[in-house]
Amino acid sequence: MKAHDKQKRMRIYFTGVGGQGTLTATTLLARTALQAGLDVVAGEVHGMAQRGGVVESVLLLGGWRSPKLDFGEADVLLGFEPLETLRGLPYLRPGGAVFSSSDPLPPVSVALGQAAYPDLALIEEKARQVAGQSRFIPCRELGIRAGSAQSGNTVLLGALCASGVLPFGVDALEAAIRIFLPPRLQESNLQALELGKAALGV
Amino acid sequence: MGNDPLLRGVRGERHLLLGNEAIVRGALEAGVHMITCYPGTPSSEVPDTFLRLGGEGRYRLEYSINEKVALEVGAGAALAGAMCLVTMKHVGLNVAADPLFTSVYTGLPGGLVLLTADDPGCHSSQNEQDNRHYARFASLPCFEPASAQEAKEMTREAFRLARELQQPVMLRTTTRVSHMRGPVDFDDLPAPQPKVAFQRDPGRFVPVPAVARKRHPALLANMEKARQIAENSRFNVAREPAGGSATRIGIIASGVARNYLADALAGGGWEDRARVLELGMTWPLPRDLISDFLQKCDRVLVLEEGADLLEESVRALAQRRGINVRIEGKDEDLTEQGEYSTTLVMRRLAVWLNCPCPAKPARPVEPDLPGRPPNLCAGCSHRAVYYAVRHVFGDEAIYSSDIGCYTLGLLPPLRVADFLVCMGSSVSAGSGFARASGKPVVGFIGDSTFFHSGMTGLVNAVFNRHNLLLVILDNGTTAMTGHQPNPGMQQDMLGATSVHMDMETVVRGLGVTECARVRAFNLKSVIRALESMKDKPGVRVLIAEEPCALYARRRLKKSQPRVAEVARQGEEALRCLEQLACPAFYRRGDNLAVDETLCSGCMICLQIAPTAFKAKKR
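Sequence positions are assigned chain by chain, starting from 1 and proceeding in written order. For naming, the first written chain is A and the first written ligand is 1, with later ones following in the order written. Restriction of local features to residues with pLDDT of at least 70 applies here, the model being predicted, together with a cutoff of 80 or more for giving and counting side-chain atom pairs; totals for whole chains, interfaces and linings are based on all residues. Working from all heavy atoms in the structure, the side-chain values ignore hydrogens and water.

1. Overview of the pairing of strand S1 (residues 10-17) of chain A
Residue and element names in this part refer to chain A. Keep this limit in mind: When a residue's accessible area, from a 1.4 Å probe over protein chains only, is under 20% of the maximum for its type it is buried; when over 50% it is exposed; and in between it is partly exposed. Per the convention used, a helix needs a DSSP run of H or I reaching at least four residues, while a strand needs a run of E reaching at least two, with both numbered from the N terminus. A pair of strands is labelled paired if DSSP reports no fewer than 2 bridges between them.
By the criterion of burial, S1 is predominantly enclosed, with 8 of the 8 residues buried. Burial along S1 is two-sided: Met10, Ile12, Phe14 and Gly16 facing one way and Arg11, Tyr13, Thr15 and Val17 facing the other are all buried. Sheet analysis places S1 next to strand S3 (residues 54-61), joined by 8 bridges and oriented antiparallel. Within S3, the position partnered with tyrosine 13 by the bridge is valine 58. Bridge count for S1 against strand S4 (residues 74-79) is 4 bridges, and the pairing is parallel. By the bridge assignment for S4, threonine 15 is matched with glycine 79.

Written out as structure tokens, the structure reads:
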């Protein structure tokens, strides 16, 4: 287990689709970080996004004050949906890390046949062009294997924590799941965490 | 929620809170008695958290029917000596402006704090007005927190001041502050404050002209007291540059801009390049504190989102006090529009401090990606009604929309919003449009918005013999902002504290004689009612009832055992897709399918295209 640098300043951009649980995942990771003794500020936008729109949030670790990120500021982009990962790429600083679900949720225009969903290989290629490392994981599929599609978010959080880019590791996330999630959700989320770790090959 | 830390937490505990939750804790620590509100993003989590907590007899929470009423009820309670919090979004204060401007004259002995949650960037609003103007316009001391911790602290301080001066105090947040999460250190939770006994004093509390003339100087004197408090407030802090540098470059920042400034200075390693004045209690202006700061500077940059209020005040102050200092603020990058960011501030500082900017240009936005605009939910009753209206009226009618989820009816293929002004305007602006144009006008308004300010326009429409067909989209809740109660909500969901009001009785009571009530999911009856009203003159009201799909599922715990499926592919199915655009539909090549996880079983598609769809058990 390598030592984690608690003073590491880090800015994370989350993006997903309304109803996916993006904000819940943000809050869980924020609590994990606070529990691990880090300075934390998180930001989110509520309202219209609930109705199937894009949901963005941010988490800044290590002593930042701003509850918001601009283009080029994020060290990590966490995408719960691949199209939204692509849309959110400008937020990533060159050389940052991308962790994304590879399971698409087509927007209405695509479902109605009025627009085309970008090719997944293209999304991965675009991410590689800007990121220092990028991982695409079938989160929804693994989440369902862990017990529910919703726990697919924890698959991604597990992969992120296992990657070593954060100032804390999987053990901190595991502890937070046990403290902050209701008992009935713990088992599937702990299972999802393991699957995320395994997907990373750690 | 008996063990919620907001009610159980004690001094020394630290919890991760939403800015709006921190305001709740601050009000509880201050000893609040009563909360009134009208919900609106980004303010809604404040009353909603009070509702969730229940309060255990500590306070009374009221969802008022609009912001004016909320402020008046709060003012009355504060006259009776209670400590009151009144919450609303920025545009709500326009509605509440009338009581605001006079209650500052009489003063409110119990102490009233007014939360206005502004929305720079229009994340969920029709404008991005800067309500700091109101603090100056009406004369209210104003606090602008920038962190969750400050949101709690400033709420408490605002209450302390409100009671000490007996003046209403403004707590002004923006979306980023209301919806940020950060660690908050708790203090003790005392019992609610003792109430201040009401002393009859018409010479103070009844502002006839003679009284008002006398009270205005009292207000000005109180604001001078507030200014002295601002001079020494712990929320207004001048910081020397790091490393004892003798720089004569200064930066003054207020509100959320303080965060971007701090992060930009740290990011550039520029802490020794400028002295900084952070203002958290921003009105009345701490003129002496600012003057002292200006004296130490040759040039000063003012950072504030929104209008150039602080900048102009600082400039005027320098002129008045004869301080020779160059003052800058708004320019082509830091404009009055939208939000600031760390990078934006960093770029400005790099120029201001004459340093290279470490912020790298970002990757360009990917062009032509399929959008993901917010949409009416699958199973939303508004979609069903809009389909029916479009079926009956097509492009013949002009559609006067209002504020709620149903504004999303502006999107194709429904396209049932031609104009919108503000809450309640579907009725009155619709009336005016019909009178001036002579065209048929159909207005749409939700139940909460109707009770908010649609009723007044409806009385006017009857009184002035306007021609308008008003469709009340009655989904039994305040859906857009998170299912808050309103008089249209069912009695069993309201509980003992509130009374359900029957929509049709209200509408008829307001003088409307042509009124019908239909189930929104009974397409035939909606179309029949619309057709029978179509060519009649005068005011006609159609009440289309059906619970909000999200509300039915989450709160009413209604499960829908059946879903739609495609029975026959072909033109009829595709036409239904094109006309209804239900998000549960998706296309696979030339074929249509229904996503069972999204379908809520409203069965509108079966009614539109009976041979193309059928119902099946989930």
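That was the structure; now back to the text.
2. A word on the pattern of salt bridges
Short version of the rule: The salt bridge definition used is simple: a Lys or Arg side-chain nitrogen within 4 Å of an Asp or Glu carboxyl oxygen.
This structure, assessed with the given rule, holds 64 salt bridges over all chains. What emerges from the salt-bridge pattern is a single network uniting Arg11, Arg25, Glu29, Lys152, Glu153, Arg156, Asp187, Asp188 and Arg234 of chain B.

3. A closer look at the layout of surface pockets
Residues and elements named next belong to chain B. Just so we agree on the cut-off: For cavity detection a 1 Å grid was placed over the protein atoms alone, and a set of points counts as a cavity when a 1.4 Å probe fits there but cannot get out; an open set counts as a pocket when protein lies on both sides within 12 Å along at least five of seven lines, with lining residues being those that have an atom within 4 Å of a point. Grid points are joined across faces, edges and corners, and a volume is the space filled by probe spheres set on the points. Here the term charged refers only to Asp, Glu, Lys and Arg, the term nonpolar to Ala, Val, Leu, Ile, Met, Phe, Trp, Tyr, Cys and Pro, and the term polar to all other amino acids, Gly among them.
Roughly 660 Å³ of internal volume is contained in the second largest pocket. Taken together, 37 residues form the lining of the second largest pocket, with Gln126, Ile403, Gly404, Met423 and Met480 sitting closest to its centre. Counting residues per element, the lining of the second largest pocket draws most heavily on helix H18 (residues 447-463), which supplies 4 residues. A breakdown of the residues in the lining of the second largest pocket according to their chemical character gives 15 nonpolar, 19 polar and 3 charged.

4. Some details on helix H8 (residues 183-200) of chain A
Residues and elements named next belong to chain A. Heads up, the rule is: How far a helix is expected to stretch is found by multiplying one less than its residue total by 1.5 Å. Residue contacts are defined here by distance: any two heavy atoms, one from each residue, within 4.5 Å place the two residues in contact.
Helix length check: H8 (18 residues) gives 26 Å between terminal C-alpha atoms against 26 Å at 1.5 Å per residue, within 8%. For H8, the full list of buried residues reads Gln186, Ser188, Asn189, Leu190, Ala192, Leu193, Leu195, Gly196 and Leu200. The inward-facing, buried residues of H8 contact strand S5 (92-101), strand S6 (133-137), helix H5 (139-146), helix H6 (152-162) and helix H7 (170-180). Where H8 ends, the next residue or the one after it, glycine 201, has phi of about 75°, a positive value.

5. Some details on the packing of aromatic side chains
The condition that has to hold: Planes of paired rings set the category: under 30 degrees apart is stacked, over 60 is edge-to-face and the rest tilted, where pairs are Phe, Tyr or Trp rings (Trp by its six-membered ring) whose centres lie within 6.5 Å. Charge over a ring is defined by NZ of Lys or CZ of Arg lying within 6 Å of the ring centre and within 35 degrees of the ring normal.
Evaluated as defined, the whole model comprises 13 aromatic pairs over all chains. On the basis of an interplanar angle of 15° and a centroid distance of 6.4 Å, the ring pair of phenylalanine 14 of chain A and phenylalanine 80 of chain A is categorised as stacked. Pair noted here: phenylalanine 14 of chain A is in strand S1 and phenylalanine 80 of chain A is in the loop between S4 and helix H2 (82-88), with a separation of 66 residues, a long-range link. Three or more aromatic residues link up through ring pairs in this structure, and these residues are Tyr13, Phe71 and Tyr91 of chain A. Directly above the aromatic system of tryptophan 64 of chain A lies the positively charged group of arginine 9 of chain A, at a separation of 3.8 Å from the ring centroid. Residue placement shows lysine 534 of chain B over the ring face of phenylalanine 393 of chain B; its charged tip is 5.6 Å from the ring centre.

6. Some words on the interface of chain B and chain A
Counted only if it meets this: By convention, the term buried area covers the 1.4 Å-probe accessible surface removed from two parts as they join, with the contributions of both added. Side-chain atoms alone can form a polar contact between residues adjacent in sequence; in general such a contact is a pair of N or O atoms within 3.5 Å, and within protein one must be able to donate a hydrogen while the other accepts it.
Contacts between chain B and chain A engage 50 residues on the former and 52 residues on the latter. A combined buried area of about 4,500 Å² lies between chain B and chain A, and 58% of that area is made up of carbon and sulfur atoms. The tally of links between chain B and chain A comes to 5 salt bridges. A salt bridge links arginine 65 of chain A to glutamate 278 of chain B, with the nearest nitrogen and oxygen atoms 3.1 Å apart. Taken together, the links from chain B to chain A amount to 19 residue pairs in polar contact (both at pLDDT 80 or more). Of the residues forming the side of chain B that touches chain A, the biggest block, 6 residues, is contributed by helix H12 (residues 257-268) of chain B. Residue composition of the side of chain B that touches chain A, by class: 28 nonpolar, 11 polar and 11 charged. Inspection of the sheet shows strand S2 (residues 40-44) of chain A paired to strand S8 (residues 180-185) of chain B by 2 bridges, in the antiparallel sense. For alanine 42 of chain A, the partnering residue across the bridge sits in S8 of chain B and is arginine 181 of chain B.

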